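Architecture at a glance
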Amino acid sequence: MRKEELLRKVGSLQQAAYVRPVEYQEGRAKGLRAYEVMNGPLRYHVLADKCLDMGELQYKGVNFSFLSKPGLQGRNHYDTRGQEALRSIMGGMFFTAGLENICAPCTVEGKDYPMHGRIRTTPGEDLSGSVRWIQDSCYLTVSGTFREAELFGENLVLRRTVESRYGEPSVVITDEIENQSFRREPMMILYHINIGYPLLDEGTEILLATRSVTPRDQAARGHEDRWNVMDAPKDNEPEYVFLHDPIPRKDGAVIAAAVNETLGLGLRIEYTSQNLPYFMEWKSTASGDYVIGLEPSNSSVYGRPYHEARKDLHYMEPFAKETNVLTFTVLDGAAEIQAVREEIRALGGETRKS
């Protein structure tokens, strides 16, 4: 819709689209700052005090994201204490793991690295939110800078922009990571994208062109044939983690999707894979922990000790920069679901129910 046409129909643009700074007032989330964004039927929250990670995503009132049992929360004293991090990993639509470690906590050469790293609970600097017109396009933008640093240690900076355009059910996340130290620095990053009920339900499919599906451990072994379809909840069922070898498009982009044909809705995920050669899937059918996580990464699910042992830990040179772009697009209706199904199937590999 052209700018003039839209403004004829609304008193304030906030009837249709806005970016609002908010602060939560109770429970573990008390004091947590965020931005609430409405883009027509698309609503989402990005958390200013937690790396501008997306806490929730809704479309026409339907929730797409997962929230773990501890619920929405800000930074806690136990966030970076080994396995205690399980009490602060709330999920959300996605959270950012890194920048010195991903996955399991570990100790390397006497230095502790917490579960999924520290950047996910890092508050922002230079924060801003805006709604602006560029010709006939209305852009809703949130941005900020996040620093993971230590005296005599690393100085890694992540600059993030989260943006959508009115009339389009998509959100684009653009990250620039810079090593601002004067030494070569390890850098690990994983985007932990979490699909939850009701988009995730029995029969929800994960679409991905993948060359291979490898179980992480004994718990996942034997479940590979069901990697791409969600099952009903089961009490106390262990989590399954699978390692994929995704097939990118010719331009290097990887596409994945979660589709619920009963609801007629889905979520298409596209990301630039140049700096993210790994892709993991976290599938939990456990009652109360019902979630599928899709995880593009620059490192393996086995974490820092694995790469240290293999001597292939990813490094950044002083003042080097890397850029990652992820796009989340809502699929509405059978035609859009079928289109992405065909798009992914054309890439080859394993894409359908077993």
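Just so we're clear, the structure is a prediction, and the values are computed from it rather than from any experiment.

Cut-offs applied
- Residues numbered from 1 in each chain as written.
- Predicted model: local features only at pLDDT ≥ 70, side-chain atom pairs only at ≥ 80, totals over all residues.
- Heavy atoms only, no water.
- Buried < 20%, exposed > 50% of the residue type's maximum accessible area, 1.4 Å probe, protein only.
- Helix = DSSP H or I, 4+ residues; strand = E, 2+ residues; numbered from the N terminus.
- Pairing = 2+ DSSP bridges.
- Salt bridge = Lys/Arg side-chain N within 4 Å of Asp/Glu carboxyl O.
- Contact = heavy atoms within 4.5 Å.
- Polar contact = N/O pair within 3.5 Å; in protein donor to acceptor, adjacent residues only side chain to side chain.
- Disulfide = S-S within 2.5 Å.
- Arc of directions from axis to C-beta.
- Phe/Tyr/Trp six-rings, centres within 6.5 Å; stacked < 30°, edge-to-face > 60°.
- Lys NZ or Arg CZ within 6 Å of the ring centre and 35° of its normal.

Here we look at the pairing of strand β17 (residues 205-208)
Residues E205 and L207 of β17 are buried on one face, and the alternating residues I206 and L208, pointing to the opposite face, are buried as well. Bridge analysis of β17 against strand β20 (residues 253-260) gives four bridges, and the strand direction is antiparallel. Opposite L208, over in β20, you have A256 as the bridge partner.

A word on the pattern of salt bridges
Applying the stated criterion to the full structure yields 32 salt bridges. The salt bridge partner of E317 is R184, with a shortest N-O separation of 3.1 Å. Residue E317 is found in the loop between β24 (315-316) and β25 (321-332), and its partner R184 is found in the loop between β14 (170-179) and β15 (185-186); the two are separated by 133 residues along the sequence. Here R341 makes a salt bridge to E205, at a shortest N to O gap of 3.1 Å. Residue R341 is found in helix α3 (residues 334-345), and its partner E205 is found in strand β17; the two are separated by 136 residues along the sequence. This pair shows no difference in class: R341 is buried, exactly as E205 is. One connected set of salt bridges, linked through shared partners, spans E100, K111, R118, E150 and E154.

Here's the deal with the environment of N324
For N324, the location among the structural elements is in strand β25. For N324, a relative accessible area of 1% puts it in the buried group. The sequence separation of N324 and D175 amounts to 149 residues, and the corresponding C-alpha distance is 5.2 Å. Among all residues touching N324, those that are not within four sequence positions of it are I173, T174, D175, I177, I189, Y191, T272, N275 and L276. Of the polar contacts made by the side chain of N324, one reaches the side chain of N275; its length is 3.5 Å.

Some remarks on the state of the cysteines
Enumeration over the complete set of coordinates arrives at zero disulfides. The thiol of C103 is unpaired, and the distance to the nearest cysteine sulfur, on C106, comes to 10.0 Å.

Section: the pairing of strand β12 (residues 137-149)
Of all 13 residues making up β12, eleven are buried, and the element is well covered by its neighbours. As judged from the eight bridges shared by strand β11 (residues 125-134) and β12, these two strands associate in the antiparallel manner. Bridge pairing links R132 to Y139 in β12. Here β11 hands over to β12 after two residues, with Q135 in that stretch at a positive phi of 55 degrees. In terms of strand pairing, β12 meets strand β13 (residues 155-165) through eleven bridges, oriented antiparallel. Directly across from E148, in β13, lies its bridge partner L156. Hairpin remark: β12 followed by β13, antiparallel, with five residues in the connecting loop; positive phi at F152, about 65 degrees.

Quick look at the side chain of K50
Mapped onto the fold, K50 is located in the loop between β3 (42-47) and β4 (53-59). Sequence-distant contacts of K50, defined by excluding residues within four places in its chain, comprise L32, Q73, G74, S88, M90, R120, T121 and T122.

As for helix α2 (residues 303-310)
Those residues of α2 that sit buried are G303, R304 and H307. Angular distribution of buried residues about the axis of α2 spans 120 degrees; they occupy a single face of the element. Elements that come into contact with the buried residues of α2 comprise β9 (106-108), β10 (111-113), β15, β16 (188-195) and β22 (278-284). Of the residues flanking the end of α2, it is K311, one or two places downstream, whose phi is positive at about 60 degrees.

Some thoughts on the packing of aromatic side chains
Within the structure shown, the criterion is met by five aromatic pairs. Ring geometry for F94 and F328: centres 5.8 Å apart, planes at 20 degrees, overall stacked. You can see F94 sitting in strand β8 (residues 94-99) and its partner F328 sitting in strand β25, a full 234 residues away along the chain. With a centroid separation of 5.1 Å and 75 degrees between ring planes, the pair formed by F182 and F319 is classed as edge-to-face. Taken together, the positions of F182 in the loop between β14 and β15 and F319 in the loop between β24 and β25 put the pair 137 residues apart, joining distant regions of the chain. We note R20 situated over the ring of Y18; from NZ or CZ to the ring centre the distance is 3.6 Å. Positioned over the ring face of Y315 is R184, at 4.1 Å from the centre of the ring.

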